[in-house]
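Structural overview for review
One letter stands for each residue in the lines below.
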Amino acid sequence: MSETQLDVRGMGKPDAYRILKEQLDAVCEGVNDPIAIMATMACVLHHGFGQLWTGFYRRIEPTRLLVGPYQGTLGCLEIELGRGVCGTAALTRQTVIVPDVRLFAGHISCDARSLSEIVVPVFDHRGEVMAVLDIDSADAGTFDDEDKRQLESWVTRFAQHG
Ligand code: SME
């Protein structure tokens, strides 16, 4: 198991994600607890890319998300389905990329420095949204289709959980 907190800034995204995924897989080998995996995934992504906020909101009721494992500054605790970027991704079951949060009506601002974000829905074994993965950046236009493709692939590992 790697003891080092990898920093992949400056690398191309495919290489960056591949290296971080290898670390995640090594650290989480044999681990099945979804919270432990969420915490580790948030840590690996957060320190790898150096974003402002990286973490999960878990769907604890049909219409309510509650903050889960994350890294970064204080996140808001609860988000209603359909509200903000996280609630929109959870409701529509689609990844939402916001290149400029100032142009997203209803964006929930937890950190004024945040300028762009990506939110990826996480599905359980029944295909229900069990959580969302939210990454917030201090730069505009940080996330693209490559992040979407990679992160959607990363969170498929939660499909074995209820
Ligand atoms: N960006 C989110 C709110 C959560 S915090 O930024 C951590 C949203 O608008 O859904």
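My aim in this report is to walk through the structure given alongside it, one point at a time. Fair warning: this is a prediction, and the values are worked out from it, not measured in the lab.

What counts, and where the lines are drawn
Residues numbered from 1 in each chain as written. Predicted model: local features only at pLDDT ≥ 70, side-chain atom pairs only at ≥ 80, totals over all residues. Heavy atoms only, no water. Pairing = 2+ DSSP bridges. Helix = DSSP H or I, 4+ residues; strand = E, 2+ residues; numbered from the N terminus. Axes fitted to C-alpha atoms, helices over the stretch in contact; angles between N-to-C directions. Contact = heavy atoms within 4.5 Å. Core = buried A, V, L, I, M, F, W, Y, C linked by side-chain atoms within 4.5 Å. Buried < 20%, exposed > 50% of the residue type's maximum accessible area, 1.4 Å probe, protein only.

Across the sheet, which stays open at both edges, the six strands sit in the order 3-2-1-6-5-4 with antiparallel pairing between neighbours. Unpaired on one side and paired on the other, strand 3 (78-80) and strand 4 (96-98) mark the two borders of the sheet. Within this sheet the neighbouring strands show an average axis-to-axis angle of 25 degrees, counted without direction. The sheet contact formed by strand 1 (residues 53-61) and strand 2 (residues 64-72) spans seven bridges and is antiparallel. The residue bridging arginine 58 from the neighbouring strand is leucine 66, located in strand 2. Sitting on the sheet, helix 4 (residues 145-154) is in contact with strand 4, strand 5 (116-123) and strand 6 (129-137), with an inclination near 25 degrees to strand 5.

Moving on, we get to the nonpolar core. If you look at the biggest cluster of nonpolar residues, it comprises 26 residues, and the most contacted ones within it are Met41, Leu45, Phe56, Leu133, Leu151, Trp154 and Phe158. Elements with a contribution of two residues or more to this core: helix 1 (13-27), helix 2 (34-49), strand 5, strand 6 and helix 4. Per element, the largest residue contribution to this core is seven residues, and it comes from helix 2. Each residue touching phenylalanine 56, except ones within four places of it in the same chain, is listed here: Met38, Met41, Ala42, Leu66, Val67, Gly68, Pro69, Tyr70, Val122, Val132, Leu133 and Phe158. Listed in part, the 17 residues of the second largest apolar core include Cys86, Ala89, Ala90 and Val101.

Interpretation in functional terms is not warranted from these geometric data alone.
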